[in-house]
Amino acid sequence: MSNVRRRTLLAGSAALLAAPRMAHAQGAKPKVTVISQWSAGSDGLAITTLGKRFEQEGGIWEHNPVPGFTTEMMNKLRAQIIAGDPPAVSQLKGPEIAAWSKIGAVVDLDAQVKAAGYEVVVPAELARLSKPYGHWIALPIQAYRINTLFISKKAAERVGVTKLPATWAEFNTTAEKMKAAGITPVTNGGLKWDDGMKWEIALCGISPDAYRKAVMQLDAKALKGPEVLAAFRQFRKLGEWSDPGAAGQHYSTFITRYMKGEMGMLLMGGWAQGVFKQAGYQFSDYMIGPAPQDDGKVAFDLNSDEFIFWQKKQAEFQEGQKLLAKIVMAKDFGPMYSQITGSIPVRTDTDLSAAGFSDGQREAAKAMAEAVKSNRVILSLAHNMAQPNQITAAMIDVLTEFVHDNRISPEEGQKRLAEAVDNVR
Amino acid sequence: MSWRERWGSVLPHLVIWPPILISCGYVLVFSAWTVWLSFTRSTLMPDYSWADWHNYSAMLATRNWQIAYTNLFIYGTCFVLFTMAAGLLLAVLIDQRIRGENIYRAIFLYPLAVSFVVTGTVWGWLLNPSIGIQKLMHDLGWASFRFEWLIDRDMAIYTVVIAGVWQASGFAMALLLAGLRSVDADLLKAAQIDGAGPLRTYLRVVFPTIGPIFVAVLVMLLQFAIKTYDLVVALTAGGPGLASTLPTVVVYDFMFQRSELAKGSAAAVMLLGSLAFVLVPYGLYRKWKQRKAEAHA
Amino acid sequence: MPSRIALSRLAIHATLIAFAAFWLVPLLVVALNALRSTEDIAHAGVIGLPHELMWSNFRETWSSYCISQHCDGIQPYFWNSMRMVIPATIVSTLLGALNGYSLSLWRFRGDNVVFGIITLGVFLPEQIRLVPWVIVLRDLGLFNTISGLVMIHIVQGLSFTTLFCRNYYVSIPQDLLKAARIDGAGFFRIFWRIVLPLSPPILIVTVIWQFTGIWNEYLYGVTFTAGEQQPVTAALIALSARLSDAPQYGEQSAAVLLAAAPTLLVYLFGGRYFLRGLTAGAVK
């Protein structure tokens, strides 16, 4: 779609949105059709709760969860768009928001966002992703910190570690101690996104600036630079310290051994807290904090989910979209949603003192606020925030092959990564 | 012609042609559409730009395709060979008029009732060194037992073979057993009179007679092998790394995960193209047989 | 001194029992796990005996497990699958018989080519057919309906059913048809009076094959239906593909057994006929 046409469409929808009285006069109850991948677990519960809230405010909520992973959800979305019947709202994230907005008409939310004063309380990176062409077309729902470190209390006691390692050097020392004591130092699994995550956490810890240049801007020099090489070296170590049976496994298969103290450290996003809780463990069973940062300052590797708003002609959907936008941008949305999923509310001015929040969430939210101020928020590669799927997948292929094949040297891995990026640039 | 007669001669056509045209047409149209798509620059949605051979050269250059295609040959050959062998062995054994045939038949056929996703998931549990058979052996005291193919870069594809053979051997067995049973009793008696032992009888008389059934089993197994997707995704997720990926996984990955419809279509066309290696000889073989039968008649 | 025959029979039985044991392992593991609690499986590995029989796994999975907003277990999805699979199986079988009859006994020019093309459909991977089907369903106005999904399965199933039926019907002697035609029987008379009565073996094969294939299908079921109308395979995936929770092995195993029950029963009771019909099916 050309820019002129899109702007016309957006302008048209903005005008429609600015005329609410007409719709009310017709008596249309606000309605939304929602597509997401959150069919079960705490994600499912959270979106169900949102649905109930929507209905409390007088709307009709129709959620169609697509079982499987993000690809299945996107398949369904693509099918609906081709069929000419997009949902009113769907889950989407990162640069995919920009990509998908080019193939289907989206709603211009600028007026509502401005009225709610929303933009100032949202991290700049998220705002940028939500308005890829200058107008707000999506709203973030929750955020997660990727570069989080979890240490099993029992494993920590066995090697005499009382606080989280602050730099990679300290991490490596702790890992060596654990290995010597017969504990598997790294609890991560071996799925593709997990492998990508380990590398990106390593790079983020070494230098968020290099990460920004290499991963987010795909700067060729940075990709071939020393920080990326160091990240590959650390990544190789992380791979060697993992359970040999980790390939193809979800990290949650190791939870039992981790909590028993047979495995030591987990580098995972904040959602792991929810997983631990569901598995029956308490906060006292593990220590949580930021992953190692070599320069000692806070850096935040961001992952977030958003709702994108698709243009619908019917008044009831337009009303429904406005209502949903209002709910999502409200200050009390964050606590409602994030207490269930274990994520961090998007609004930096949210009060997290309620009992439903864990200390881990509070600490991560503080880290996010601080990183926003010092401009050290980076977007996750492995969770499809930094780059569109083509580029992400090509890079993750290199990373996952590297970590499962000791014959590839870090230098070779770096070379392959640069080549892969060049091929899909 | 009376009204009735006219109606009587038209009606068959009204009934015959729609289903045939639909089933024939759908294959042709969908295949043509995929081929066309592979020559465009489609990414998220089908698009009308022309990309020449770009998608094909891009796919051939990716490690994904290279590994997948190699794996297809390894997996295809092993899967077909072992399934055929297992099916044949089981069919021959059951053909020996043993007691409890019904039970054995049920046991060997039940995997066909199970979906590929479930097969892959369950075998994934069993072959996982940390929670499956290896762990069981360790717990039972055999600490040096090792079965880590699932996480071994070079052996992972063979775990897919194991699961596939388990699932499909019953089908091969069923076809071959029915074939064995349909061999003319007179032929067997003649062989017996000639003093041939059981092994000789099988090799010289029975197997050649049921030759066409072998071919039919081969074709069905090939079709299983080429379309294998759910099984490998559920069992190994294509891993470790990319080690056990297959062409259908690459097609799905590129078409839908990476939103590169055109590149994925190119991979699909290449996959189907390699089918020609098998189907064309088969078609020629049948033509040859037909001509032989006609010559003899 | 055991005779050679007795020894060889022993060897045959031993081999068969060994194979049978290997074949049964996955079923046993799933059945045992369905009766164990998830914590037990997570601690002690996937191969083990239940400490106590958790029949509740079955009950919960069937009627109270929560999939999105609805905590009705997999039961509604199970019936959705039934509603979809039964019509699709019946129609594709009947049309396949018709096609097979037309292509083998009521010859016309180019019928071998047509048969070849239809058979080629058997080899098409489902991934490449996804987007074309979306376009077709959209143009027919059947998107997101069970009828649309049924139609997809019928058309795709026709490749297999035509293949099976046609190969079976070529063995019907031409004399039979000639005699009937001389007696004045037309297309339908012959189909009804001669061909169909001879068909049960191959029809059973087709029904079993189609029922199993459509019941176990996942990709189309998820893409072409929404929410409450999804088939049971979608519910199974919802149970296992969870990013925010640890795998629920116990419930998963129970769900797998419940979802596989229909097809398992079909093979249990229809296996004998499956065997009989197959030989006539794909030969030649």
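What follows covers the overall build of chain B. Check the secondary structure of chain B and you find 13 helices and zero strands. On C-alpha atoms alone, chain B measures out to a radius of gyration of 24 Å, which is more than a quarter above the 19 Å that the 2.2 N^0.38 rule sets for 297 residues. Summarising its shape, the C-alpha atoms of chain B cover approximately 85 × 70 × 35 Å along the three principal directions. Counting only residues that meet the buried cut, chain B has 55% of its 297 residues in that class. With an accessible surface of roughly 13,300 Å², chain B has 66% of that area assigned to carbon and sulfur atoms. Computed over 22 positive and 16 negative side-chain charges, the separation of the two mean positions in chain B equals 5 Å.

The secondary structure content of chain A amounts to 20 helices and ten strands. For chain A, whose C-alpha radius of gyration is 22 Å, the value lies close to the compact-globule estimate of 22 Å for 425 residues. Reported as C-alpha extents along the three principal axes, the dimensions of chain A are approximately 75 × 50 × 35 Å. Expressed as a percentage of the 425 residues in chain A, the buried residues total 64%. Of the roughly 15,200 Å² of accessible surface on chain A, a fraction of 54% belongs to carbon and sulfur atoms. In chain A, 49 side chains carry a positive charge and 44 a negative one; their mean positions are 3 Å apart.

Taken together, the contact pairs 32 residues of chain A with 27 residues of chain B. When chain A packs against chain B, the two sides together hide about 2,400 Å² of surface, and 54% of this comes from carbon and sulfur. Counting every contact that joins chain A to chain B gives three salt bridges. Asp397(A) is paired through a salt bridge with Arg258(B); the nearest N and O atoms lie 2.6 Å apart. At the boundary of chain A with chain B, the tally comes to twelve residue pairs in polar contact (both at pLDDT 80 or more). Of all the elements in the fold, those that place two or more residues in the side of chain A that touches chain B are α4 (70-82), α5 (95-101) and α19 (389-403) of chain A. Tallied by class, the residues present in the side of chain A that touches chain B amount to twelve nonpolar, ten polar and ten charged.

With that settled, consider the interface of chain B and chain C. Each side of the interface is counted separately: chain B has 87 residues, and chain C has 80 residues. Buried area between chain B and chain C, both sides added, is near 7,300 Å², and the carbon and sulfur share of it is 80%. Contact with chain C buries area across many residues of chain B, yet Tyr26(B), Phe30(B) and Trp125(B) alone supply 10% of it, more than any other trio. Counting across the chain B and chain C interface gives zero salt bridges. Examining the composition of the side of chain B that touches chain C, we find that 17 residues originate from one element, helix α1 (residues 3-38) of chain B, more than from any other. Among the residues making up the side of chain B that touches chain C, the classes are represented as 64 nonpolar, 13 polar and ten charged.

Before going further, it helps to examine a nonpolar patch on the surface. A cluster of nonpolar side chains, namely Trp3(B), Trp7(B), Val10(B) and Leu14(B), defines an oily patch on the protein surface of about 480 Å² accessible area. One can find Val10(B) in helix α1.

Attention now goes to the pairing of strand β7 (residues 263-268) of chain A. Residue and element names in this part refer to chain A. Counting buried residues along β7, six of its six residues qualify, which places the element largely inside the surrounding structure. Relative to β7, strand β5 (residues 148-152) runs antiparallel, the two being bridged by four bridges. Directly across from Phe150, in β7, lies its bridge partner Leu266.

In the structure shown here, the tally under the stated rule is 58 aromatic pairs over all chains. A ring pair is formed by Trp123(B) and Phe22(C), whose centres lie 5.7 Å apart and whose planes are at 45°; its orientation type is tilted. Remark: Phe22(C) occurs in helix α1 (residues 4-34) and Trp123(B) occurs in helix α5 (residues 116-127); the pair is interchain, linking two chains. Owing to a relative accessible area of 37%, Phe22(C) belongs among the partly exposed residues under this scheme. In this structure an aromatic cluster arises from ring pairing among Tyr104(B), Phe108(B), Tyr110(B), Trp123(B), Trp166(B), Phe19(C), Phe22(C) and Trp23(C). Note that Lys312(A) overlies the ring of Phe317(A), its terminal NZ or CZ placed 4.7 Å from the centroid. Residue placement shows Arg258(B) over the ring face of Phe254(B); its charged tip is 4.2 Å from the ring centre.

Let us look at α19(A). Compared with an ideal rise of 1.5 Å per residue, which puts 15 residues at 21 Å, α19(A) spans 21 Å between its outermost C-alpha atoms and is within 8% of the ideal. Among the 15 residues that make up α19(A), 15 are buried, leaving the element largely enclosed by the rest of the structure.

Attention now goes to the confidence of the model for chain B. Residue and element names in this part refer to chain B. Residues with a pLDDT of 70 or more make up 99% of chain B, whose mean pLDDT is 86. The secondary structure element of chain B with the lowest average pLDDT is helix α9 (residues 198-209), at 78, and the one with the highest is helix α3 (residues 63-94), at 93. Scored by ipTM, the complex comes to 0.85, with pTM at 0.87.

As a further point, take the packing of helix α13 (residues 226-240) of chain A against helix α20 (residues 410-424) of chain A. Residue and element names in this part refer to chain A. Where α13 contacts α20, the two axes come as close as 9 Å, and the packing angle between them is 125°. Classified by the angle their axes make, α13 and α20 are oblique. The handedness of the crossing between α13 and α20 comes out as right-handed. Across from Val228, Leu229, Phe232 and Arg233 in α13, the residues of α20 making contact are Pro410, Glu411, Gly413, Gln414 and Leu417. A class-by-class count of the residues in the contact of α13 with α20 yields five nonpolar, two polar and two charged.

The rules we used
Residues numbered from 1 in each chain as written. Chains lettered and ligands numbered in written order. Predicted model: local features only at pLDDT ≥ 70, side-chain atom pairs only at ≥ 80, totals over all residues. Heavy atoms only, no water. Helix = DSSP H or I, 4+ residues; strand = E, 2+ residues; numbered from the N terminus. Rg over C-alpha atoms; globule rule 2.2 N^0.38 Å. Buried < 20%, exposed > 50% of the residue type's maximum accessible area, 1.4 Å probe, protein only. Areas by Shrake-Rupley, 256 points an atom, 1.4 Å probe, with all protein chains shown as cover. Lys, Arg positive; Asp, Glu negative; His and termini not counted. Charge placed at Lys NZ, Arg CZ, Asp CG, Glu CD. Contact = heavy atoms within 4.5 Å. Buried area = accessible area lost by both parts, 1.4 Å probe. Salt bridge = Lys/Arg side-chain N within 4 Å of Asp/Glu carboxyl O. Polar contact = N/O pair within 3.5 Å; in protein donor to acceptor, adjacent residues only side chain to side chain. Nonpolar A, V, L, I, M, F, W, Y, C, P; charged D, E, K, R; others polar. Patch = residues over 30% accessible without salt bridge, like charges linked within 9 Å, V, L, I, M, F, W, Y side chains within 5 Å. Pairing = 2+ DSSP bridges. Phe/Tyr/Trp six-rings, centres within 6.5 Å; stacked < 30°, edge-to-face > 60°. Lys NZ or Arg CZ within 6 Å of the ring centre and 35° of its normal. Expected span 1.5 Å × (residues − 1). pLDDT = per-residue confidence, 0-100. Axes fitted to C-alpha atoms, helices over the stretch in contact; angles between N-to-C directions. Parallel < 35°, antiparallel > 145°, perpendicular 65-115°, else oblique. Left-handed = near helix turned anticlockwise from the far one by under 90°.

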